[in-house]
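Structure at a glance
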Amino acid sequence: MAVIQIDTSTYTQQLNEKQQRISEQFARFNAPTLEVYDSPTTQYRQRAEFRVWHEGEDLFHIMFDQQTKQKIRVDKFDPAAPLISELMQVMMDKLRHNEVLRRKLFQIDYLSTLSGEILVSLLYHKALDDTWQEAMQQLRAELQQTYKIDFIGRARKQKVVFGSDFVTEILNVNGKEYTYQQVENSFTQPNAKVNEKMLAWAQSICAPLENDLLELYCGNGNFSIALAGSFDKVLATEISKSSVHSAQYNIAANKVENLDILRMSSEEFTQAMKGERSFSRLNGINLQDYNCQTILVDPPRAGMDEMTCRLVANYDNIIYVSCNPDTLERDLELLCETHRVSRMAIFDQFPYTHHVESGVFLERK
């Protein structure tokens, strides 16, 4: 069996190296001692994607070495959540001898949860005809006797859903459960245990704050739902239609009554706030009704454009969650003209890699 194994004995060292690197990179911002939130050392990824390799009668998952580009057979993957690890072997056993389901299959994606649900997507270089769909229905019925499992088949201009195209995650944050719909092919935090720690950290910042919260880049409502209890009202924006749909679902599922989601980009919202453009999507929302003294941003790797940075600097309290230390550093150069860094943390979302998720809390000078 080909196993991608993790040497867990190196975990503490690699986390210490990240801590030192980030502390040095951001030293000039005079942040207090860096808060460090670790990850489980194995079985921490709730999402995994593999190419599928056909070799005679055999069929197996593969990955490609980033340096050598050589393919690596993967029968067991230590970073994957337990449910994914188990299903990887089950899926290959079921597909290997099923000519209808294996033919032209080139990729399998897994999306699992702490709550015990899993969604498996199969990607093909062929049309998914009635014979394929019947075979897929039979496989799902068989596996549903053991697992809370749904399937999606994807091919060119085709998406066939067997069950739901999402999973429902339940996160425990400071002793309270939060329900989140997570849709296939939409962004979700891959390390659920570290996500719980991120949300708890943000709650600890927001607990003493007052008035209203504005969040940009809110995704499926990951932060805004967990933080709504600390504010009178919350206004959040997100450009992805599927993420906004999930956020609306999650608002209802968590019985949050003081949160509104707008489908707008950060740039559009900045224009609306400055009165430069009017948007029909703002019908029923009066921006002047909000007294937002706190803003939370969780931008993509590119960080924020300068116009959005200038908008963010208008707020007394800024919570900036970043997946890219370099763009965070760039944006802090501007934000620290008016604000000081009161807290800074790293969250080890991606153990054993160079990647670092950071959180910064800034207060007006």
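Conventions and cut-offs
Residues numbered from 1 in each chain as written. Predicted model: local features only at pLDDT ≥ 70, side-chain atom pairs only at ≥ 80, totals over all residues. Heavy atoms only, no water. Helix = DSSP H or I, 4+ residues; strand = E, 2+ residues; numbered from the N terminus. Rg over C-alpha atoms; globule rule 2.2 N^0.38 Å. Buried < 20%, exposed > 50% of the residue type's maximum accessible area, 1.4 Å probe, protein only. Contact = heavy atoms within 4.5 Å. Lys, Arg positive; Asp, Glu negative; His and termini not counted. Charge placed at Lys NZ, Arg CZ, Asp CG, Glu CD. UniProt positions renumbered as here; feature names shortened; annotations may be inferred. Pairing = 2+ DSSP bridges. Salt bridge = Lys/Arg side-chain N within 4 Å of Asp/Glu carboxyl O.

**What about the overall build of the protein chain?**
When helices and strands are tallied, the protein chain shows 10 helices and 19 strands. The C-alpha atoms of the protein chain give 22 Å as radius of gyration, which agrees with the globular expectation for 365 residues (21 Å, within 12%). On the principal axes, the C-alpha backbone points of the protein chain span a range of 65 × 50 × 35 Å. For the protein chain, the residues scored as buried account for 54% of the 365 residues in total. Of all intrachain contacts in the protein chain linking residues separated by at least 6 positions in sequence, the fraction that spans at least 24 positions is 66%. Put simply, the protein chain has 39 plus and 50 minus side-chain charges, and the middle of one group is 4 Å from the middle of the other.

**Focus: the UniProt feature "active site" (unreviewed entry) in the protein chain**
As recorded in UniProt, the feature "active site" (unreviewed entry) lies at Cys323 and Glu357. Across 35 residues in sequence, these annotated residues keep their C-alpha atoms within 4.5 Å of one another, forming a single compact spot. Relative to the helices and strands, cysteine 323 is located in the loop between strand E17 (317–322) and helix H10 (325–335). If sequence neighbours within four positions are ignored, cysteine 323 has contacts with Pro299, Pro300, Arg301, Val356 and Glu357. Positionally, glutamate 357 belongs in strand E19 (residues 357–364). Setting aside chain neighbours within four positions, we find glutamate 357 in contact with Gln189, Met198, Asp298, Val321, Ser322, Cys323, Ala345, Ile346, Phe347, Gln349 and Phe350.

**Description of the pairing of strand E5 (residues 71–74)**
Pairing between strand E4 (residues 58–64) and E5: 4 bridges, direction antiparallel. Bridge pairing links methionine 63 to isoleucine 72 in E5. Taking the residues between adjacent antiparallel strands as the criterion, E4 and E5 are bridged by 6 residues, where lysine 69 takes a positive phi near 65°.

**Digging into the pattern of salt bridges**
Inspection of every chain in the model, using the stated rule, returns 22 salt bridges. Glutamate 333 is paired through a salt bridge with arginine 28; the nearest N and O atoms lie 2.3 Å apart. One end of the pair, glutamate 333, is in helix H10; the other, arginine 28, is in the loop between helix H1 (11–25) and strand E2 (35–37), and 305 residues separate them in sequence. Residue classification places glutamate 333 among the partly exposed positions, given a relative accessible area of 42%. Residue class for arginine 28 comes out partly exposed when judged on its relative accessible area of 44%. Among the salt bridges present, the one from lysine 197 reaches aspartate 38, with a minimum N-O distance of 2.6 Å. Of this pair, lysine 197 sits in helix H5 (residues 192–206) while aspartate 38 sits in the loop between E2 and strand E3 (47–55), and the two are 159 residues apart along the sequence.

**Quick word on the UniProt feature "binding site: S-adenosyl-L-methionine" (unreviewed entry) in the protein chain**
The UniProt entry lists Gln189, Tyr217, Asn222, Glu238 and Asp298 under the feature "binding site: S-adenosyl-L-methionine" (unreviewed entry), expressed in the numbering used here. Note that glutamine 189 resides in the loop between strand E12 (176–183) and H5. Non-local contacts of glutamine 189, meaning those with residues more than four positions away in its chain, are made with Arg47, Asn195, Met198, Asn222, Asp298, Gln349 and Glu357. With respect to the element layout, aspartate 298 can be found in the loop between strand E16 (292–297) and helix H9 (306–312).

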